[in-house]
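Observations on the three-dimensional arrangement
Single-letter residue listing:
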Amino acid sequence: MTDMRSAYSESLIQVGKDNPKVVVLGADTTDSLKTSKFGKEFPNRFFNVGIAEANLVTMSAGLAVSGKISFASTYAIFLPGRAVDQIRNNVAYPSPFGKKGLNVKLVTSHGGLSVGPDGGSHQAIEDIAIMRVIPNFRVLVPADTIAVSKLIQLMAGEYGPFYMRIARSKTPLIHSESQEFQIGKGITLRDGSDCTIAACGITVRMALEAAESLQQEGISCRVLDMFSIKPIDHKILEKAARETGCIVTTEEHNIVGGMGSAVAESVSESYSVPIKRIGVQDMFGESARDKEVPLLLEKHGITSFNMVKQVKEIRSKKL
Amino acid sequence: MGLNYYQIKKNILRARKLVIKGTSAAGSGHPGGSFSMAEILGCLFNNHLKFDPKNPQWEDRDRLVLSKGHAAPGLFSNMAVAGYFPESEIETLRKFGSRLQGHPDLKCPGVEFCGGSLGTGLSYSVGIALAARIDSKDHHVYTIIGDGELDEGQVWEAAMTASKYKVDNLTAFLDRNFIQQDSYTEKIMPLDKILESDDVSEMWKDASRWKTGDKWRSFGWNVIEIDGHKIEQIDAAITKAKMTKGIPTIIISRTIKGQSLEHMEHNPQWHGQAPNSDIVPIINLELDSQFMISPSIIAGDMTNLENEVKRCVSGKADYVHLDVMDGQFVPTKTFDHSKIKELRPLTAIPFDVHLMINEPVKYVKDYIDAGSDIITVHSEVVDESSFGEIHDLLKQSQVSVGFSINPETELPEWSYKFLQSLDQLIVMSVVPGKSGQKYIEETHEKMKRINPILKEHDFSGYIEADGGINLENIGSVFADGARAFVGGGAIVGQQDVKSAIKAFRNEVLKSRRRGLLDKANELGGIDLVNRWIGLHVIEEKQDELKKITREAGYL
């Protein structure tokens, strides 16, 4: 098991070494997100603004408009939650000289229900939906630390606003070190012909386990890591729709407006097939100790067991 | 270097007219808040900001962040005057396809910040300032914040952050005009001592209530408090702010929403409303009719001129008029440049220096170095060549150029070519040499001869009336076209200079109101006259206007 926040921290120091334009901003969560290590390495390029998310975002924009590459971080519940206006009007909207938005990267941790004991007030289940509707933003949800590292490198190198959500809990490795990542391209982790599970974040592992179980029962299930929610990979989805005839999506986010919605929107406009969205059922989360997190996820159907069940059901609805 | 006073003043006037043109053409927009910060932007654009309109992305430029983004017409107008785009483009304001969006936008090269959502500009500016520090750049960031914006918590987040990081390459202006969209700030969300009485004018009249500066001081800021419509105070505050190291500075500028137009001043209705096109010519006339009072200190105690300057300052004079007499050009002798140099540290109020001396071309540099802001020389002792020399030297030194004619002198023909760039023309209404003389009535006729010449030669400066001006004649002198008024015995000779200046202003205002009503009547008869009167809803101006209208026989 590896820790996404550590991977984020190490990647930041790496991009900071590679590019002196990289600056990092935090809001009193820099130990938790481990960005304080960047501050130790580059004290004049690191700013802790205190518990002030609005200021965090707008200052990042001011640095970015002056040529810096700003990485701003805190928990997903506060960013975007506390600073949507600043994200929209100070980061996404200003478009200098034909560029789209300012060069600000918002990286948040503690996304979704797996936050655990802090409870519903801290479990961000709307952040993807909020960020998806803001023009010029790209939205990423990596599944493991390899993805985190590679995506930080990509974001640092590519101009424009990004939102990336990482998980609080430790996660197993899904990808190999040699896996290539491209913004806007999904990754086929397992091929299959009877059904597709499109997953992101910590649910990718569950999707792989579900596909393995289905294999035991003779059902061939494709698994896609849809880490790039916006832009979404229309091609890989259309191909999955045509070749497997049905899609189950899974994420630890509200089924309204999340990755599942993005997949449904895409597929309905390319090659319409039955879709089932697994995720938070338009309700809030609640406290669960770390070892109880599986129970909380189970309450919302975010388990490999439920994925197996939903795949079987949706296959019967194939056109 | 002088204050560049009239140049700034003229550009502010141009910008104000463009605000009216743009918002009127758009049918919406925010003239009130554009006018309250007009002098601030005028000083920044003309005297302080480093920028290059041909290269808006010049790396070392100063940054101007208009946090109170709704005042976009004010920003765009100054940018047009500064040469970023043609002034005619202001008519595209708020229209489809225009670079001049309803709120400042990076779509328009030279704009640094997409304003609109209030309370965010200071955070953004802190980011810019920190980026400059990382890059070891020495450009400065200026941020204009509205007072309504201080309701936003983010402003205080940014204030703390600027303090923490000792951001001294940033200077904020608070445009303290006491009005926000719904009503007066002190009714919506008080910034000063809670207002107990119903008299809202206490907000801007009772200085003992003002506590906004304390808030900023407690956040660790260097606070400078000024009258935000006084060019010299703004200029001095910016200079001080830039010299202050290790701490951010805010210049709290007490301003008047809609400043320069009586019907807009202090009126919340003009926060977000554009003037109708039919009143625009009256508005433009009012903008052309701004005036200054210039007390002449030689009318006071010649043995204590320091005290006379102080009386001018506490009396809220616009200029200090300094009559330099050499005992040759005029029989009397007063003082020379060394006295002016001594007096200079007493105030930032522009020194309006009137040289009644022979061969001014020989001495003008001494008067520049002494700290004069306006220098007027007499036509009788210069010719085309020596005046040309004086003119160029003054312009290079950012000192406004004045030219004066004695009662028996006509405007010499050789001077016509200078009229376009001349800042001030003094038409003497007494024979110069001593104070206490009577106004020469023939001057009214003389003004009738001079005005068409000035118009023909594109004179864009200000006429100063000097000699025997008092409460009885100042109104008619204003009507003749004078916009600056030297007051000797009638001001400095009075016990209470402040009241005397106020009385002067009131008389000019009466005359100005009459002129504007005449204009309304000329353009639209009694309907327009009544509409014009109806716009004046704050304080007792309306009754005054009705009285003038009755006297004029329009009602």
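Quantities reported herein were computed from a predicted structural model and do not represent experimental measurements. Counting restarts for each chain: residues are numbered from 1 in the order of the written sequence. Key to labels: chains lettered from A, ligands numbered from 1, both in the order written. Reporting in this predicted model follows two pLDDT cut-offs: at least 70 for local features of residues, and 80 or more for side-chain atom pairs to be given and counted; totals over whole chains, interfaces and linings ignore these cut-offs and use all residues.

**With respect to the environment of Ile298(B)**
Residue and element names in this part refer to chain B. Relative to the helices and strands, Ile298 resides in the loop between strand E6 (292-295) and helix H12 (305-314). To sort residues by exposure, count the other C-beta atoms lying within 10 Å of each residue's C-beta; 20 or more gives buried, 12 or fewer gives exposed, and values between give partly exposed, all with C-beta atoms placed from the backbone. By C-beta crowding, Ile298 is classed as buried, having 21 other C-beta atoms within 10 Å. As for Ile298 and Glu265, which are separated by 33 residues in sequence, their C-alpha atoms are 35 Å apart. Two residues form a contact once the distance between their C-beta atoms, set from the backbone, is within 7 Å. Those residues in contact with Ile298, other than ones at most four positions away along the chain, are Asp323, Thr334 and Ser435. Helix numbering and strand numbering both begin at the N terminus, where a helix is a DSSP run of H or I of at least 4 residues and a strand a DSSP run of E of at least 2.

**What about unusual backbone geometry?**
Glycine aside, residues mostly have negative phi, and peptide bonds are mostly found in the trans state. Geometrically, the link from Leu79(A) to Pro80(A) is a cis peptide bond, its omega value of 20° lying close to zero. Among the secondary structure elements, Pro80(A) is positioned in the loop between strand E3 (69-75) and helix H4 (84-92). Even without being glycine, Lys34(A) reaches a positive phi, approximately 65°. Relative to the assigned elements, Lys34(A) resides in the loop between strand E1 (22-26) and helix H2 (36-41). For Lys34(A), a count of 22 C-beta atoms within 10 Å corresponds to the buried category. At Asn4(B), a position not held by glycine, the phi torsion is positive, near 65°. As for its placement among the helices and strands, Asn4(B) is situated in the segment before helix H1 (5-26). Residue classification places Asn4(B) among the buried residues on the basis of 21 C-beta atoms within 10 Å.

**Things to note about the domain arrangement of chain B**
Residue and element names in this part refer to chain B. Segment limits for the domains were obtained from an automatic or database-derived domain assignment. The domain boundaries assigned to chain B delineate domain 1 (33-270) and domain 2 (290-508). Of note, the centres of domain 1 and domain 2, computed from C-alpha atoms alone, are 34 Å apart. Facing the 4 residues of domain 1 at the interface are 4 residues of domain 2. The residue inventory of the side of domain 1 that touches domain 2, partitioned by class, reads 1 nonpolar, 2 polar and 1 charged. In this classification, Asp, Glu, Lys and Arg are treated as charged, Ala, Val, Leu, Ile, Met, Phe, Trp, Tyr, Cys and Pro as nonpolar, and every other residue, Gly included, as polar.

**Considerations on helix H5 (residues 121-134) of chain B**
Note on helix geometry: an α-helix contains 3.6 residues per turn, so any two residues three or four positions apart are oriented the same way. Residue and element names in this part refer to chain B. A helix is expected to span 1.5 Å for every residue after the first. For H5, built from 14 residues, the straight-helix expectation of 20 Å at 1.5 Å per residue is met to within 8% by its first-to-last C-alpha distance of 20 Å. Across the 14 residues of H5, 12 count as buried, placing the element largely inside the fold. Within H5 the residues assigned to the buried category are Gly121, Leu122, Ser123, Tyr124, Ser125, Val126, Gly127, Ile128, Ala129, Leu130, Ala131 and Ala132. Among the residues trailing H5, Ser136 stands out with phi positive, at a value near 55°.

**Here's the deal with the sheet that holds strand E5 (residues 249-254) of chain B**
Residue and element names in this part refer to chain B. Here a strand pair is declared whenever DSSP counts at least two bridges between the two strands. Pairing in this open sheet of 5 strands is parallel, and the strands run E1-E2-E3-E5-E4 from one edge to the other. In this open sheet, the two edge strands, each paired with only one partner strand, are strand E1 (63-66) and strand E4 (222-227). Between one strand axis and the next, the sheet turns through 20° on average, direction left out of account. Running at roughly 170° to E4, helix H10 (residues 231-243) makes contact with strand E3 (170-176), E4 and E5 of the sheet. All axes here are fitted lines through C-alpha atoms, helices being fitted over the stretch that makes contact, and every angle between N-to-C directions spans 0 to 180 degrees.

**Things to note about the pairing of strand E6 (residues 162-165) of chain A**
Remember that side chains alternate between the two faces of the sheet whenever the strand is regular. Residues and elements named next belong to chain A. The two faces of E6 match: Phe162 and Met164 on one face and Tyr163 and Arg165 on the other face are all buried. The pairing of strand E4 (residues 104-109) with E6 spans 4 bridges and is classified as parallel. When the sheet's bridge partners are listed, Val107 is paired in E6 with Met164. As judged from the 3 bridges shared by strand E5 (residues 138-140) and E6, these two strands associate in the parallel manner. What sits directly across from Leu140, in E6, is Met164. Note on the crossover from E5 through helix H6 (residues 145-157) to E6: the handedness is right-handed. Look down the strands so they point away from you; if the path from the first strand over the helix to the second goes clockwise, the crossover is right-handed.

**Some remarks on the sheet that holds strand E12 (residues 275-280) of chain A**
All names here are of chain A. An order of E7-E9-E8-E11-E12 is seen for the 5 strands of this open sheet, with the pairing classed as mixed. Each having just a single partner strand, strand E7 (187-190) and E12 make up the two edges of the open sheet. Strand-to-strand twist of the sheet, defined as the mean angle between neighbouring strand axes without regard to direction, takes the value 25°. Where strand E8 (residues 195-199) lies against strand E9 (residues 221-225), 5 bridges are found, and the strand directions are parallel.

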